[in-house]
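Each chain is listed here by its residues.
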Amino acid sequence: MKRRALRMGIIALGLTAVTLTASPAHAGVVGVYPSSAACEAAGQRGLGAVWPWYSCYQSGTVWALWAPGF
């Protein structure tokens, strides 16, 4: 019984990996910064090396850095 459960877990993990690699990259919050300038500076540091594009959005009193794959 334990062997079957282990095998099913490995199959599920493999299917999850295939699904994640086949799906397109989605944008997500990379960090939150106190100002627009701080957000833009962080975005520029990762541009090209970590992410192909980024956006900074104001959310209340802070700025959120969004980039694909996060």
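Figured I'd write up the structure that's included with this text. The residue numbering used here restarts from 1 in each chain and proceeds along that chain's sequence as written. The predicted origin of the model limits local features to residues at a pLDDT of at least 70 and limits the giving and counting of side-chain atom pairs to 80 or more, whereas totals for whole chains, interfaces and linings rest on all residues. Each side-chain value is worked out from all heavy atoms of the structure, with water and hydrogens disregarded.

1. Comments concerning the state of the cysteines
Item 1. Two cysteine sulfurs form a disulfide in these notes if their separation is within 2.5 Å. Under the criterion given, the structure shown has one disulfide.
Item 2. Two residues, Cys-39 and Cys-56, share a disulfide whose sulfurs are 2.1 Å apart. Because the torsion about its S-S bond is -100°, the bridge between Cys-39 and Cys-56 counts as left-handed. Of this pair, Cys-39 sits in helix α2 (residues 36–46) while Cys-56 is found in strand β2 (residues 55–59), placing the two residues 17 residues apart along the sequence.
Item 3. A 1.4 Å probe rolled over the protein chains alone gives each residue an accessible area, and that area as a share of the maximum for its type sets the label: buried under 20%, exposed over 50%, partly exposed in between. Taking the relative accessible area as the measure of exposure, Cys-56 reaches 16% and is therefore buried. Helix numbers and strand numbers start at the N terminus; a helix is a DSSP run of H or I with at least 4 residues, a strand a run of E with at least 2.

2. Observations regarding the pairing of β2
On a regular strand, each side chain points to the face opposite its neighbour's, so the side chains alternate between the two faces of the sheet.
Item 1. Two strands pair under a simple rule: DSSP has to find at least two bridges between them. Where β2 and strand β3 (residues 62–68) come together, five bridges link them in antiparallel fashion. Bridge pairing in β3 places Cys-56 opposite Leu-65.

3. What about α2?
Item 1. Considered for burial, the residues of α2 that qualify are Cys-39, Ala-42, Gly-43 and Gly-46. In an axial view of α2, the angular spread of the buried residues amounts to 100°, which keeps them on one side of the axis. Away from its buried face by more than 90 degrees, α2 exposes Ala-37 and Arg-45.
Item 2. Buried residues belonging to α2 abut β1 (27–33), β2 and β3.
Item 3. Count one or two residues on from α2 and you reach Gly-48, which has phi positive near 90°. Directions from the helix axis toward the C-beta atoms define the arc. Throughout, a contact is declared for two residues whenever any of their heavy atoms are within 4.5 Å.

4. Quick word on the packing of aromatic side chains
What describes a pair of aromatic rings is the distance from one ring centre to the other and the angle between the planes of the rings.
Item 1. Here the aromatic set is Phe, Tyr and Trp, taking the six-membered ring for Trp, and pairing holds for ring centres within 6.5 Å; pairs whose planes are under 30 degrees apart are stacked, those over 60 apart are edge-to-face, and all others are tilted. A complete count under the given rule lists one aromatic pair for this structure.
Item 2. Where Tyr-57 meets Trp-66, the ring centres are 6.5 Å apart and the plane angle is 90°; that geometry is what we call edge-to-face.
Item 3. Exposure remark for Trp-66: the relative accessible area of 32% places this residue in the partly exposed category.

5. As for a nonpolar patch on the surface
Item 1. Patches here: salt-bridge-free residues with over 30% relative accessible area, like charges joined within 9 Å, nonpolar side chains (Val, Leu, Ile, Met, Phe, Trp, Tyr) joined within 5 Å. Surface exposure here means Shrake-Rupley accessible area, sampled with a 1.4 Å probe, where a residue is shielded only by the protein chains that are shown. The term salt bridge refers to a pairing of a side-chain nitrogen on Lys or Arg with a carboxyl oxygen on Asp or Glu at a separation within 4 Å. Together, Val-29, Val-32, Tyr-57 and Trp-66 make up an exposed nonpolar region whose accessible area comes to about 380 Å².
Item 2. The residue Trp-66 is located in strand β3 in this model.

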